[in-house]
Amino acid sequence: MIFIIALIVYIIVIGVIGTIITLSIIQLRTNRAPGDNHRFSTFVLSVLFIVLFLFSLITFLQVPWNDIPLLDVTDILNT
Amino acid sequence: MMRLGHEEKALLLIHKHWLIPTIRIGITLFVALIPLPILPFLKTFIAPAYQDLAFNLTLFLISLYWLILLLGIFILWVEYWLDIWLVTNKRVLSVDQMSLFKRKISEFHVDNLQDITVTIPGFLGRVFNFGTIDAHTAGQHHFMMRDVPNPNAARRIVLDSAEYFINRQ
């Protein structure tokens, strides 16, 4: 159950970030001034986004979501 | 891409000085490193049975945090590339990229130029040679761009363009 909720929240967050980045790349292409060349730097940023997205996806899948004890939070702390 | 008019030539394209996005991106990268020292301390605070879970969860949250910061860098990047002054032989086009999707485009014809002021903001401006250009037109409008690299040369080009345009008429 926790996994499903986390997955939905994760998809929404990645979707929002990805949409804004895509729109900003489109805006950079359509509104560029004559003589401007920012393709390489924008490409580097896009690659960085893909790398970070894959990293977050791997870390998301490594979390045992259903083992998170939501009610007994005090058990987690090293007391 | 922006289009120029018939017989119009771009003389100068001004972006903000490279120092401005570099400082902002540098601050963002510094902020990105802040949560990393949490990871070694997790063993101290978390019970042994949950240490792996806490480590993986923290790593996942850090990766999301980095993605959000990368989004911030993208927004800075868009603002840097789209915030321009384009000086042509006929007009000066000022594009003010206020946020990711909010932009203000204004222009004035060079023959309407009344005066143009350059202000060097302080020590950094003097060392790295950037400043503010403020152009006043006949209609009492003023067009300003901050952190312009080599502002005196830019002012000279705008004035030369105006002079050339007026002499040609």
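Here's what I pulled together on the structure shown here. (Residues numbered from 1 in each chain as written. Chains lettered and ligands numbered in written order. Predicted model: local features only at pLDDT ≥ 70, side-chain atom pairs only at ≥ 80, totals over all residues. Heavy atoms only, no water.)

**Section: the environment of B:Thr58**
All names here are of chain B.
Argument step 1. Note that Thr58 resides in helix α3 (residues 51-82).
Argument step 2. Since its relative accessible area comes to 16%, Thr58 is described here as buried.
Argument step 3. Spatially, the C-alpha atoms of Thr58 and Thr22 are 29 Å apart, while their sequence positions differ by 36 residues.
Argument step 4. Beyond its immediate sequence surroundings of up to four residues, Thr58 is in contact with Ile38, Leu39 and Leu42. (Helix = DSSP H or I, 4+ residues; strand = E, 2+ residues; numbered from the N terminus. Buried < 20%, exposed > 50% of the residue type's maximum accessible area, 1.4 Å probe, protein only. Contact = heavy atoms within 4.5 Å.)

**Observations regarding the interface of chain B and chain A**
Size of an interface: often given as the accessible area lost when the parts come together.
Argument step 1. Taken together, the 36 residues of chain B in the interface contact 43 residues of chain A.
Argument step 2. The interface formed by chain B and chain A contains 0 salt bridges.
Argument step 3. Along the contact surface separating chain B from chain A lie 4 residue pairs in polar contact (both at pLDDT 80 or more).
Argument step 4. Of all elements in the fold, only α2 (38-45), α3 and β2 (84-88) of chain B reach the threshold of two or more residues within the side of chain B that touches chain A.
Argument step 5. Per-element accounting of the side of chain B that touches chain A gives the leading share, 18 residues, to α3(B).
Argument step 6. By residue class, the composition of the side of chain B that touches chain A is 29 nonpolar, 5 polar and 2 charged. (Salt bridge = Lys/Arg side-chain N within 4 Å of Asp/Glu carboxyl O. Polar contact = N/O pair within 3.5 Å; in protein donor to acceptor, adjacent residues only side chain to side chain. Nonpolar A, V, L, I, M, F, W, Y, C, P; charged D, E, K, R; others polar.)

**Considerations on the sheet that holds strand β5 (residues 113-119) of chain B**
All names here are of chain B.
Argument step 1. The sheet built from 3 strands is open, its strands ordered β5-β6-β7 with antiparallel pairing. With one partner strand each, in any of the chains shown, β5 and β7 (142-149) form the two edges of the open sheet. Sheet twist, expressed as the average angle between the axes of neighbouring strands with direction ignored, equals 15°.
Argument step 2. Inspection of the sheet shows strand β6 (residues 130-137) paired to β7 by 6 bridges, in the antiparallel sense. For Ile133, the partnering residue across the bridge sits in β7 and is Met145.
Argument step 3. Those strands touched by helix α5 (residues 151-168) are β5, β6 and β7, and its axis lies near 170° from that of β5. (Pairing = 2+ DSSP bridges. Axes fitted to C-alpha atoms, helices over the stretch in contact; angles between N-to-C directions.)

**Re the sheet that holds strand β4 (residues 103-109) of chain B**
Residue and element names in this part refer to chain B.
Argument step 1. The strand order β1-β2-β3-β4 describes an open sheet built from 4 strands, whose pairing is antiparallel. In this open sheet, the two strands that pair with only one neighbour each are β1 (10-14) and β4. Taken pair by pair, the neighbouring strands of this sheet meet at an average axis angle of 10°, ignoring direction.
Argument step 2. Bridging between β2 and strand β3 (residues 91-97) involves 4 bridges; their strand directions are antiparallel. Within the sheet, the bridge partner assigned to Trp85 lies in β3 and is Ser94.
Argument step 3. Contacting β2, β3 and β4, α3 runs over the sheet at an angle of about 170° to β3.

Shape is all these values report; function is a separate question.
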